[in-house]
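As a plain string of letters, each chain reads:
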Amino acid sequence: MSPRIAPVNLYDLSRSTLGELVASWGGSAFYRDLLWSALYRDQVSSLEAIAGLRADLQERLVERTRLGHLAASHQAASSDGHTHKLLLKLEDGQTIETVVMRFKGRATVCLSTQAGCAMGCVFCATGQMGFVRHLTPGEIVGQVLYAVALLRASGESLRNVVLMGMGEPLHNYDGTMEAVDILCDPRGLALGPRFITLSTVGVVPGIRRLADEERPIQLAVSLHAATDAERSALVPAGRKWPLAELMDACREYSARRGKKIFFEWALIAGKNDSVEQAHTLGKLLAGMDAHVNLIPLNPTAGFREAPSTPGQVRAFQDVLASYALPSTVRQRRGIDIDAGCGQLKAQVEKRR
Ligand code: SAH
Ligand code: SF4
C-alpha cells in the first residue's frame, strides 16, 4: 500500500482560504498569520517545525495537511555559474523544469505552469512532449520556494519571476493566478507584481481576462511570425486565435491596463529573420507601446533548424528601429546545460 498523503497541500491555499481552514478548527486569525509566516517568511521544512501553535491545531494540521515541497531529481549548473537548471519532481512522479538565473545580483526564476503543453509549437521541446496536466498553485509556488532556498545559500534574494518554463500559463489561468497572488502576498514572499512576467502563446480569452483584472504583472506575447500563414506553421494555436484577434486583445490590454507589451520572436535562420519579415512585424506593431524580445533559436531534437546569425539579428533590429520599436536580443543563457524550455527534461529522458 502506498503511504497515505494528507489531502491539503498548504502551498495551494491563499491566506484567506488558510484562514477559513484554521477557523473551521476553532483557530483565530492570529493562528492563520502565524502559519502563513511560518510557510513564507521562515520557510519551515516540516509541520512539526512550526513554533507557537496550539496543540490541537498542530494535530489537525499533521492529520489533514502537508507541505508539498518539491525535490530535485536532476540539476545542472552552466559553465559560467550564473544559470542553475532544475528538474523538480512532483508528488505524482511528473517532472518539470525550473531555472534560476543570476544577473548582477538580481536573481530571476523561470517557472513552469504545466507538465507538458498542449499548444504544440513546432520548435519547442515542451510542445514536442504533449500535454500531461496543469500544475496546482502549490506546485508553482513550490518552485519559487526551492529557488529562494537555493539563492539564500549564497546570500542572494529573488527579484524577478518569469512564467516562461514548461506550459502555457493562460491555459492554466486559475492555477497560475492563484500562485501569483500567493507570491505577491505582502505578508508572505511579498514579490512585486511588476517583477513578474507572464509569457503566452497568444490565448486570446486569457489576455482579455487579464485585461479585466487588477493584477499589474507584465505581459509577453510569443509572436514568431507576423502573418497568419507563417505563424500557424510554427505556432498551431495561431489557427485558433488569428493575428487580427490577438492584436485586438493586445491593444485592449494595453489601453485598459496602461502597460507596455513585450513581443517574443525566436529567430530561425532563413525562416522568420528576413528584412521583409521585420518590416511586416514593424507594420503590425507600429504605434503600440511594445518592446520586441528577439531570441535566437535554441535547436531542439524535433526541430533541427539553426539560430539566425548575429549579422542577420542586427539587420532585423535595424528595421524594427525604423518603426520606433525598441528590441532586445535575449541571451541564450545556459545553452551548455540544455536550458531551453523543456530541453533538460527531454535530454534526461533520452539518456534513461
Ligand atoms: N507557453 C508560453 C511560455 C513558455 S515558452 C509561451 O509560449 O509564450 C517561453 C518562450 O520561449 C516563448 O516565447 C517560446 O516561444 C520560446 N521558446 C520555446 N522554445 C524555444 C526554442 N527552442 N528556441 C527559442 N525560443 C523558444
Ligand atoms: Fe507551449 Fe510555449 Fe512551448 Fe508553445 S512555446 S509549446 S505554448 S510552452
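Located above this text is the structure these notes cover.
This structure is a prediction, so every number in the text was calculated from the model and none was measured.

Colleague: So what exactly am I meant to see when it comes to the overall build of the protein chain here?
Modeller: Of the regular secondary structure elements, the protein chain holds 13 helices and 14 strands. The C-alpha radius of gyration computed for the protein chain amounts to 21 Å, which stays within 12% of the reference 20 Å derived for 352 residues, consistent with globular compactness. In terms of principal-axis extent, the alpha carbons of the protein chain reach across some 70 × 45 × 40 Å. Across the 352 residues in the protein chain, those meeting the buried criterion constitute 53%. Considering only intrachain contacts with a sequence separation of at least 6, the fraction spanning at least 24 residues in the protein chain is 67%. Total accessible area computed for the protein chain in this model is approximately 15,100 Å², and 52% of it derives from carbon and sulfur atoms.

Colleague: Mind showing me how you'd approach the pairing of strand β9 (residues 158-163) here?
Modeller: Look at any regular strand and the pattern is simple: side chains alternate between the two faces of the sheet. With 5 of 6 residues buried, β9 lies mostly within the body of the structure. Across 3 bridges, the pairing between β9 and strand β10 (residues 196-200) is parallel. Note on β10: the bridge partner recorded for V161 is I196. In this region the chain leaves β9, passes through helix α6 (residues 173-184) and returns to the parallel neighbour β10; the handedness of that crossover is right-handed.

Colleague: Sorry, what's going on with unusual backbone geometry here?
Modeller: Comment: phi is negative for the bulk of residues other than glycine, and the bulk of peptide bonds are trans. Phi is positive for Q43, which is not a glycine, with a value near 50°. Residue position: Q43 is located in the loop between α2 (29-40) and α3 (55-64). For Q43, a relative accessible area of 18% gives the class buried.

Colleague: Got a minute to help me understand the environment of Y31 in this structure?
Modeller: Locating Y31 in the fold gives a position in helix α2. With 21 residues separating them in the primary sequence, Y31 and G52 have C-alpha atoms 8.8 Å apart. Residues contacting Y31, with those up to four places away along its chain left out, are V22, G52, L53, R54 and L57.

Colleague: Help me out: how do you make sense of the site of ligand 2 in this one?
Modeller: In the vicinity of ligand 2, the contacting residues are C117, M119, G120, C121, C124, G127, G167 and V201. Taken together, the residues of the shell around ligand 2 break down into 5 nonpolar, 3 polar and no charged.

Colleague: So what exactly am I meant to see when it comes to the site of ligand 1 here?
Modeller: Taken together, 16 residues sit near ligand 1, with G167, S199, S222, H224 and N298 positioned nearest. F123 has a polar backbone atom sitting 3.1 Å from a nitrogen atom of ligand 1. In isolation ligand 1 exposes 530 Å². Once the protein is present, 93% of that is buried. Of all the secondary structure elements, the ones that give two or more residues to the shell around ligand 1 are β10 and β12 (261-267). A per-class count over the shell around ligand 1 returns 6 nonpolar, 8 polar and 2 charged.

Colleague: Explanation requested: the sheet that holds strand β4 (residues 83-89) in the structure shown.
Modeller: Backbone-to-backbone hydrogen bonds pair the strands of a sheet. The strands run either parallel or antiparallel. Within the open sheet, the 10 strands sit side by side as β3-β4-β5-β6-β9-β10-β11-β12-β13-β14. Their pairing is mixed. Strands at the two margins of the open sheet, each flanked by one partner only, are β3 (71-77) and β14 (327-329). Each strand of the sheet is rotated relative to its neighbour by a mean of 20°, with strand direction disregarded. With 6 bridges connecting them, β3 and β4 associate as antiparallel partners. Its bridge partner being in β4, Q75 is matched across the sheet by L86. Strand contacts of helix α10 (residues 243-257): β11 (218-222) and β12, with the helix running at about 145° to β12, the strand carrying the most contacts.

Colleague: How should I be thinking about the pattern of salt bridges in this particular structure?
Modeller: Close approach of charged atoms allows side chains with opposite charge to pair. Tallying each qualifying case throughout the model produces 21 salt bridges. Across the pair R133 and D92 runs a salt bridge whose closest N-O atoms are separated by 2.8 Å. Taken together, the residues span a long stretch of sequence, with R133 in strand β8 (residues 131-134) and D92 in the loop between β4 and β5 (95-103) at a distance of 41 residues. Note that E156 and R102 form a salt bridge whose closest N and O atoms lie 2.9 Å from each other. Remark: R102 occurs in strand β5 and E156 occurs in the loop between α5 (137-152) and β9; sequence separation between them is 54 residues.

Colleague: I would appreciate a short explanation of the environment of R106 in the present structure.
Modeller: Within the element layout of this structure, R106 appears in strand β6 (residues 106-110). Distance from R106 to G27, taken between C-alpha atoms, is 39 Å for residues 79 residues apart in sequence. Other than its neighbours up to four places away in sequence, R106 contacts M101, R159 and N160.

What counts and how
- Residues numbered from 1 in each chain as written.
- Chains lettered and ligands numbered in written order.
- Predicted model: local features only at pLDDT ≥ 70, side-chain atom pairs only at ≥ 80, totals over all residues.
- Heavy atoms only, no water.
- Helix = DSSP H or I, 4+ residues; strand = E, 2+ residues; numbered from the N terminus.
- Rg over C-alpha atoms; globule rule 2.2 N^0.38 Å.
- Buried < 20%, exposed > 50% of the residue type's maximum accessible area, 1.4 Å probe, protein only.
- Contact = heavy atoms within 4.5 Å.
- Areas by Shrake-Rupley, 256 points an atom, 1.4 Å probe, with all protein chains shown as cover.
- Pairing = 2+ DSSP bridges.
- Right-handed = clockwise from strand over helix to strand, strands pointing away.
- Near = heavy atom within 4 Å.
- Nonpolar A, V, L, I, M, F, W, Y, C, P; charged D, E, K, R; others polar.
- Polar contact = N/O pair within 3.5 Å; in protein donor to acceptor, adjacent residues only side chain to side chain.
- Axes fitted to C-alpha atoms, helices over the stretch in contact; angles between N-to-C directions.
- Salt bridge = Lys/Arg side-chain N within 4 Å of Asp/Glu carboxyl O.

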